[in-house]
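What follows is each chain in one-letter form.
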Amino acid sequence: GYTQGILTTVEKVFDLESKLSGFIYGSNDLGFVSMILLVSYFGGKPNAHRPKMIAIGIIIMALSCFFFALPHFGTGGERYWYKIQLKERTSGISSLLCRAAKQSNETVEMECDARQRLKSGGWVITMVIAQFISGMGEAPLLPLGTTYLDDHVSKLNSVLYIGLSLILPNTGQPLGLLLSSYTLRYHVNWPFADSTRVGIDYEDPRWIGAWWLGFVPIGLAFLLTAVPMMCFPRKMRHTHTEEVVFKEPDEDDPLEDIENTDKQTNIPLFLHSDIPGLKRLMRNLMTNMVYITLVLAAACVLSIGNGFVTFLPKYISVQFGLSTSAAARLLGFTVLPAAMLGTVASTVVMRVWHISDRGMVLLCAAISFVLCLLTIPAMGLFCDQQPFAGLTTSYHGKWYVKWKYKFDECNQACHCLDEEFAPVCGANDVTYFSPCYAGCKDRTKVYSHCACVHHGVIPLEGRRYSGAYAESNQCPDEDCTSDVFLVFLLFITAFIMTFFVTPFMIAILRSVGTNEGPMAFGAAGFFGRILGGLLAPVIFGAVIDVSCIIFAKRCGRTEGECLLYDVDANRYLTIGLTGIYFWISFML
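Quick notes on the rules
Note on numbering: residues in each chain are counted from 1, in written sequence order. Side-chain atom pairs in this predicted model are given and counted only at pLDDT of 80 or more, local residue features only at pLDDT of at least 70, and totals for whole chains, interfaces and linings cover all residues. Only hydrogens and water are removed before side-chain values are computed, so all heavy atoms of the structure are retained for them. Each helix is a run of H or I in the DSSP string that is no shorter than four residues. Each strand is a run of E no shorter than two, and both are numbered from the N terminus. Contact criterion: two residues are considered in contact whenever any of their non-hydrogen atoms come within 4.5 Å of each other. Note on areas: Shrake-Rupley, 1.4 Å probe, and residue coverage restricted to the protein chains presented here. Like charges are joined within 9 Å and nonpolar side chains (Val, Leu, Ile, Met, Phe, Trp, Tyr) within 5 Å, but only among residues with over 30% relative accessible area and no salt bridge; these make up the patches. The term salt bridge refers to a side-chain nitrogen of Lys or Arg lying within 4 Å of a carboxyl oxygen of Asp or Glu. Whether two aromatic rings pair depends on their centres lying within 6.5 Å, for rings of Phe, Tyr and Trp, where Trp uses its six-membered ring; planes under 30 degrees apart make the pair stacked, over 60 edge-to-face, and the rest tilted. Each residue is placed in one exposure class: buried if its accessible area under a 1.4 Å probe, protein chains only, is under 20% of its type's maximum, exposed if it is over 50%, and partly exposed if it falls in between. Nonpolar cores are built from buried Ala, Val, Leu, Ile, Met, Phe, Trp, Tyr and Cys residues. Side-chain atoms within 4.5 Å join them into one set. The predictor rates its confidence in each residue with pLDDT, a number between 0 and 100. Polar contact is the term for a pair of N or O atoms within 3.5 Å; when the atoms are in protein, one must be able to donate a hydrogen and the other to accept it, and sequence-neighboring residues count only if both atoms are side-chain atoms. Note on geometry: axes are C-alpha line fits, over the in-contact stretch for helices, and angles between N-to-C directions span 0 to 180 degrees. Here roughly perpendicular refers to angles of 65 to 115 degrees, roughly parallel to angles under 35, roughly antiparallel to angles over 145, and oblique to all remaining angles. For a crossing to be left-handed, the near helix must be turned anticlockwise from the far one by less than a right angle; the clockwise case is right-handed. The classification used treats Ala, Val, Leu, Ile, Met, Phe, Trp, Tyr, Cys and Pro as nonpolar, Asp, Glu, Lys and Arg as charged, and all other residues, Gly among them, as polar. Defined by distance alone, a disulfide is two cysteine sulfur atoms within 2.5 Å. None of His or the chain ends enter the tally, which takes Lys and Arg as positive and Asp and Glu as negative. Think of each charge as sitting on NZ of Lys, CZ of Arg, CG of Asp or CD of Glu.

1. Here we look at the overall build of the chain
If you tally the helices and strands in the chain, you get 22 helices and nine strands. Pairs at least 24 residues apart make up 77% of the contacts formed inside the chain by residues separated by at least 6 positions. Taken as a whole, the chain presents about 25,500 Å² of accessible surface, with 64% of it coming from carbon and sulfur.

Quick look at the structure:
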């Protein structure tokens, strides 16, 4: 959750396109799949100490947090952001204003030097490695933790215990998003810089938040959690092995394997050496068609979690004009109660109603169908694309052009720099690339004498500025009320998706033999992460990049993060792809 919240800022600092930041995020799954089968197999042996294996994984995850924050401490590149913004502050932000003489390139040269320092240290590779080892540490949690619980409670109560154990994990993502919304309010060079000193705040598009700050407390929390985990015994004093008897299905029922798998596959798998035992386990799982279709369906849902949800803060920012911090905060506060209620509700429903194994599979299918239907109203939730001079409208509002940036007579003599993206909203409700491109020649509280801005009124701090004025940031859609409906839709979707987790996990557990539980979860994680984890962030990142109108120009080259998206294309592509994944999951 925290990584998702700071991903847009990481793109800005390291000049990354969305597909590359998606690869960084997806590296977690690469580490996960490299370990999951081994951990699941050896953790499923009778003499395995599952709590200690989980604790070791937690320690590895703690180290990955510190490793991810290393680029901030290991290079002086980021510190140049403070020097650049401080120079703009003390010089009256002259490099952003329209000047008859050619602009000094000193600020741009400082920024290029900063970016070169960040790229030359291989810090992107460092973050990929951090995510990779995080995935390795995560591998023991689900297969070993779930089966450890299942082995030490009655099968009737295992639904309750497994469901309760998922409440906190399902709230982890929104809590991480909330933490990111808090840390991004601080300057990247905190505690040595703040908004007062650099002259801009976290709502400004040029703001670089402290993306690294949250990894430190998260890493420490992991270390504290590992200590009590180490103290659990290899086995509790009493174990429960009784099975729940459900009503037998019809003879021609395609889901009959769920009820009868234990009788078919409950054989002593560990009487042989490791390799034959592993082969036999995998053969049993790969010929269990109920298990296979469950895993493939879950891979589609996981693609949404690792793909669309990864970029959801950016999506909300693009569609509703919110800052990265505000989008993460909105997402966190909405998803947090929904995740808790969804997990508790699914646990109570299955415990009270005694849903059969077949019923759990049908419940998962119904949930996928409902989620697919929810993409239809999601298509209609957005704020209109506001006019952006030279990109979505002309400087005189007479034509509409995309994918092209143009000058106008009002700013041709200003010698503006393409590298300096500092959008301003004119009194005519048109956004300009920078004060220079708006033709602004002076600044006090607002930019003034803007040759490209038609006369209008700007209310600011209790005053009304009437004339050719402009203020920092892009123009908002004042009439947009879709964000209210967005909160409702996000809540419903998060509730349903977290409701899905418990019946799916119980269905996986009941669709395989008694001794196959750890390996079943491990193989499900392996194939689910390969199909839905590794590729999904890259695919969604590439789709988001397609909807970009203009990328940043750095040091004479067009590269790095997107500065402006086509709102409609961004919505149709991302929501459309999400709907396709949910539909495939339902069909499976």
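2. Observations regarding unusual backbone geometry
Backbone geometry places Asp 429, a non-glycine residue, at a positive phi of 65 degrees. Relative to the helices and strands, Asp 429 resides in the loop between strand S1 (424–426) and strand S2 (431–432). At His 449, a residue that is not glycine, the phi angle is positive and equals roughly 55 degrees. In this fold, His 449 is placed in the loop between strand S4 (447–448) and strand S5 (456–460).

3. Quick notes on a nonpolar patch on the surface
On the surface, Ile 56, Ile 59, Leu 63, Phe 66, Val 216, Leu 220, Leu 223 and Met 230 cluster together into a nonpolar patch covering about 610 Å² of accessible area. If you list the elements that add at least two residues to the nonpolar patch, you get helix H3 (50–68) and helix H12 (215–230). Inspection of the secondary structure puts Ile 59 in helix H3.

4. Remarks on the packing of aromatic side chains
Enumeration over the complete set of coordinates arrives at 14 aromatic pairs. Between Phe 500 and Phe 504, the aromatic rings sit 5.8 Å apart at their centres with planes inclined by 10 degrees, giving stacked as the arrangement. Residue Phe 500 and its partner Phe 504 are located together in helix H19 (residues 482–510), separated by four residues, close to a single helical turn. Phe 500 sits in the buried class, given a relative accessible area of 7%.

5. Comments concerning the nonpolar core
Residues Tyr 291, Ile 304, Ile 316, Phe 504 and Ile 508 are the most contacted members of the largest nonpolar core, which totals 74 residues. It is H19 that contributes the most residues to this core, 14 residues altogether. If we ignore the near neighbours within four places in the chain, the residues touching Ile 508 are Tyr 291, Leu 294, Val 295, Ala 520 and Phe 521.

6. Comments concerning the confidence of the model for the chain
A residue-level look at the chain finds 80% of positions with pLDDT of 70 or above and a mean pLDDT of 78. pLDDT under 50 marks residues 399–404. Its contacts with residues more than four places away, or in other chains, come to 18 contacts.

7. So, the environment of Arg 50
Residue position: Arg 50 is located in helix H3. Residues Arg 50 and Arg 234, 184 residues apart in the sequence, show an inter-C-alpha distance of 6.6 Å. Excluding residues that lie within four positions of it along the chain, Arg 50 makes contacts with Gly 43, Leu 144, Thr 147, Tyr 148, Asp 151 and His 152. Side-chain polar atoms of Arg 50 contact the side chain of Thr 147, separated by 3.2 Å.

8. Some remarks on the pattern of salt bridges
This structure, assessed with the given rule, holds two salt bridges. Residues Lys 314 and Glu 11 are paired through a salt bridge, measuring 2.6 Å at the closest nitrogen-oxygen approach. With Lys 314 in helix H16 (residues 312–320) and Glu 11 in helix H1 (residues 2–14), the pair connects residues that are 303 residues apart, well separated along the chain. Here Lys 314 and Glu 11 have matching classes, each one buried. The salt bridge partner of Asp 568 is Arg 571, with a shortest N-O separation of 3.0 Å.

9. Focus on the packing of H3 against H12
Contact geometry of H3 with H12 gives a least axis separation of 8 Å together with a crossing angle of 165 degrees. It follows that H3 is roughly antiparallel to H12 by the angle criterion. For the element pair H3 and H12, the recorded crossing hand is left-handed. Facing H3, whose interface residues are Pro 51, Lys 52, Ile 54, Ala 55, Ile 56, Ile 58, Ile 59, Met 61, Ala 62, Cys 65, Phe 66 and Phe 68, H12 presents Phe 215, Val 216, Ile 218, Gly 219, Leu 220, Phe 222, Leu 223, Thr 225, Ala 226, Met 229 and Met 230. Its residues placed into classes, the contact of H3 with H12 shows 20 nonpolar, two polar and one charged.

10. A closer look at the state of the cysteines
If you walk through the whole model with that rule in mind, you get five disulfides. Each sulfur in the disulfide pair Cys 425 and Cys 475 lies 2.0 Å from the other. Note on the Cys 425 and Cys 475 pair: the S-S dihedral is about 105 degrees, so by sign convention the disulfide is right-handed. In this pair, Cys 425 sits in strand S1 while Cys 475 sits in the loop between strand S7 (470–472) and H19, placing the two residues 50 residues apart along the sequence. For Cys 475, a relative accessible area of 6% translates into the label buried. Here Cys 440 pairs with Cys 450 through a disulfide, and the sulfurs are 2.0 Å apart. Here the disulfide of Cys 440 and Cys 450 is right-handed, its torsion about the S-S bond being about 105 degrees. Highlighted residues: Cys 440 in the loop between S2 and strand S3 (442–443) and Cys 450 in the loop between S4 and S5, separated in sequence by ten residues.

11. Some remarks on the environment of Leu 16
Residue position: Leu 16 is located in the loop between H1 and helix H2 (18–43). Relative accessible area serves as the criterion here: at 2%, Leu 16 is assigned to the buried category. The spacing of Leu 16 and Glu 561 is 545 residues in sequence and 5.4 Å in space, taken between C-alpha atoms.

12. A word on the side chain of Thr 3
Along the chain, the position of Thr 3 falls in helix H1. Among the residues examined, Thr 3 registers a relative accessible area of 12% and is labelled buried. Dropping the residues within four chain positions of it, Thr 3 is found in contact with Tyr 25, Phe 68, Gln 131 and Phe 215.

13. So, a negative patch on the surface
A contiguous patch of negative charge, built from Asp 384, Asp 429, Glu 478 and Asp 479, is present on the exposed surface. Considering the arrangement of structural elements, one finds Asp 479 in the loop between S7 and H19. Accessibility expressed as a relative area gives 70% for Asp 479, which makes it exposed.

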